[in-house]
Each structure stands twice: as C-alpha cells, then as structure tokens.
Amino acid sequence: MGDSIDKAAKDAAGVLKKIKAAKGKLKGNFYYAGDTRGASAGIVVTLLARDPKGSKASSMGKGVRKEIKGAKFARGTVGMKGSKLLFEVFAGSASPGHMKAGFKKAISELDGLEHLKKALVKKAGSDDVDDTEESDDLETSSEASTSSSTAPTIEDVEDVLDGIDPQELKALMAEQEELGDLNTQLQGFLSDDSTEEELGEQIAEALDELQRLQAEGATDEELEAARRELAELAYAGPDPFPAAGEALSPELIEVLKSSMNAAVQSLGAYLQKTFEALQQFHARLEKMTEEERNDIRDDGGLVTVEEFRRSVLSYRDQLQQNLEAVTG
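Residues numbered from 1 in each chain as written. Predicted model: local features only at pLDDT ≥ 70, side-chain atom pairs only at ≥ 80, totals over all residues. Heavy atoms only, no water.

A.B. asks: Give a description of the packing of aromatic side chains that names residues and reports values.
C.D. replies: This model, assessed by the stated rule, comprises five aromatic pairs. Ring-pair connections join several aromatic residues into one group, and the members of that group are Phe30, Tyr32, Phe87 and Phe103. (Phe/Tyr/Trp six-rings, centres within 6.5 Å; stacked < 30°, edge-to-face > 60°.)

Structure below.
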C-alpha cells in the first residue's frame, strides 16, 4: 500500500473506534477510493465535529485516490445501524457494491480496519443496504434506529471501547450538536454536482499520462495498460472491470461504449471549471507589472486562452480515440 493509504487507514481506525464507542451519537465523513474489483482500495474517515465541511476528508481522499490506478471514488457519511457501521454514499463514481468489494478484499486487510468486512453500505435515500455478511442484526429495533438518526445529545456513554476517554466523547458530541443541520454543513462535500468535475479531472490526468508515455516511446504493453486504466475510469457499469490482461466481454464493451458520452461530459465539466480559473488568472495578469508577468513566463506558468481552447479539443479527441482503441 502507498503512504497516503496507510496513513489514512491508521487515522480512520481511530475515528471509527470513537464512532462505535459513541453508540451512534457521533457521525463521520468518509472518502473511499478503489478499483471496481476491490483489489486495491483505501479510505479516509474524519469526525464531522472536527471536519464540518468535509474539506479534510476530501483533500486526503484525493491523495489516496491518486495512489490507485483506475480508482472509483465515493463521498458520504458514516454512523451506526444497530451494532454495525453504516456508510451512506451521497456522491462519487463508486457504487455501494464497489465499496463492499473494497472493504472485503483490501481495506479489511489494513491494521485496525478488519471489522469493515461487516460494515453496511447504502446509497443515501435508498432502503437497499449492501451487506454481504450473514447477520441477524440487520433489522434493528425502532429505538436503535431512532438513536442513530436523531441529533446527538450529551449523555453518559456506556460500554465505552478500550482506550477511549468518555469525556472526550462527550466533548465531541457537544461540538457536533452545535453544528445544527449536519447536511447543510456538508452540502458541498455531499453534493453529487462535483462528481462530474472530479471524474473529469481523473480522466484529464490519465490522458496526460498517456501523452507522456507516447512522448517517451513507451512499449505497446505500457500504452495498453494506460488505456485500460482510462477505460476503467470512464466505465459506468455495475460489474467489476476486468483486470489487465483479461478480455473484455461483448456485453461489457457495449456498456463501456455507452459510458463514453458521460465521460466526455465529465471531462468537459472539469475543463470548463479550469477555463473559468484561467480567465480569472488572466484578469489578475492585467493588474500586474511587466516584470511580474515575465516572472510567470519564465516559470512556464503563462497559458493563453486560445492555447487552452485548442487543448480542450485535443483532450476530447484523445479520450474518444483511446477508448475506441480499447473497445475495438
């Protein structure tokens, strides 16, 4: 595992321990990243009381995501349902099924996260819970269900897990209670609107890597592996995407072809955001001295609007050509 994944796992283990100890009175934010097969995955978890807008979870999560080739991602909240952790997916390209595969095959192998094999995962707003473990406590009492969904109160916490200070839990519950409407606080983090831009950013990074490989005279095998990574990012099907070296079935190829338009749209959303930032940058340039502008040119940081427009067209053409090379 990469450094970001290992550090995130260690931090997540401590946060989840507090959430379990608080018996549903504390909630957390999570950012999951993993391939569709669950072979490689990582997770970031932060306490909502300490990360009310989810910005830390998002920043650390993107670092984890970049260590996993072809990673899908998901953002959401984590709390308790009965005796199990419940992860609710609000945004991202990873499905609850992808997450469960990652929990079982990869994340549960990390120190302190073994118990995530039995965690529950669901899409926010859905009654369908993805639970691959046989369990008799999936259906909980109305009292337990109510306690996990209502606003937290500062009450004595019984049966606190080893190593957790009850006073610290009470303080955290007080901080969370002061936040008020939790979903309003997390609006940006939980919004599915940003999924397109983040997926588009991933696709742009994969295209940049392909360009680098081609410029350096990479082998056909290296180029094929990079194209497969790009295809997995674009793939929007529910089934695992085949690993490198495995053939794509006719059915999966059709799903991948139907995913192309959405991939192009995601790339466009990311490039539009980048274009707006470029326009703002050029507006600031006009207020700079000639010497300051020259310093930026020397650093290679000056891109004209016209150059960017040409690169947008190039990105879209490259995306379609490389995906067509995979689907045949």
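A.B. asks: Let's hear about the pairing of strand 3 (residues 72–81): which residues, and what values?
C.D. replies: By the criterion of burial, strand 3 is predominantly enclosed, with nine of the 10 residues buried. Alignment of strand 1 (residues 28–34) against strand 3, held across seven bridges, turns out to be antiparallel. Bridge pairing in strand 3 links Phe30 to Gly76. What sits between the antiparallel neighbours strand 3 and strand 4 (residues 84–92) is a turn of two residues, in which Gly82 has the positive phi angle 65 degrees. (Buried < 20%, exposed > 50% of the residue type's maximum accessible area, 1.4 Å probe, protein only. Helix = DSSP H or I, 4+ residues; strand = E, 2+ residues; numbered from the N terminus. Pairing = 2+ DSSP bridges.)

A.B. asks: Lay out the pattern of salt bridges in plain terms, naming residues and giving numbers.
C.D. replies: Inspection of every chain in the model, using the stated rule, returns 14 salt bridges. We note a salt bridge from Arg50 to Glu175, for which the minimum N-O separation is 2.9 Å. A residue pair is termed long-range when its members are at least 10 positions apart, and Arg50 in the loop between strand 2 (41–47) and helix 2 (55–65) and Glu175 in helix 5 (residues 166–178) qualify at 125 residues. For Arg50, a relative accessible area of 53% puts it in the exposed group. For Glu209, the salt bridge identified is with Arg212, shortest N-O distance 2.6 Å. Linking Glu209 with Arg212, this pair stays in helix 8 (residues 193–215), spanning three residues, or about one helical turn. The partly exposed category is assigned to Glu209, whose relative accessible area is 33%. Within this structure, Arg65, Lys66, Arg75, Glu198 and Glu205 form a network of salt bridges that share partners. (Salt bridge = Lys/Arg side-chain N within 4 Å of Asp/Glu carboxyl O.)

A.B. asks: Can you lay out the environment of Phe189 for me, pointing to particular residues and giving the numbers?
C.D. replies: For Phe189, the position within the fold is in helix 7 (residues 187–190). The spatial distance from the C-alpha of Phe189 to the C-alpha of Arg75 is 7.1 Å, given a sequence separation of 114 residues. What Phe189 contacts, discounting residues up to four positions off in sequence, is Asn29, Phe30, Lys53, Gly54, Ala57, Ser58, Arg75 and Gly76. (Contact = heavy atoms within 4.5 Å.)

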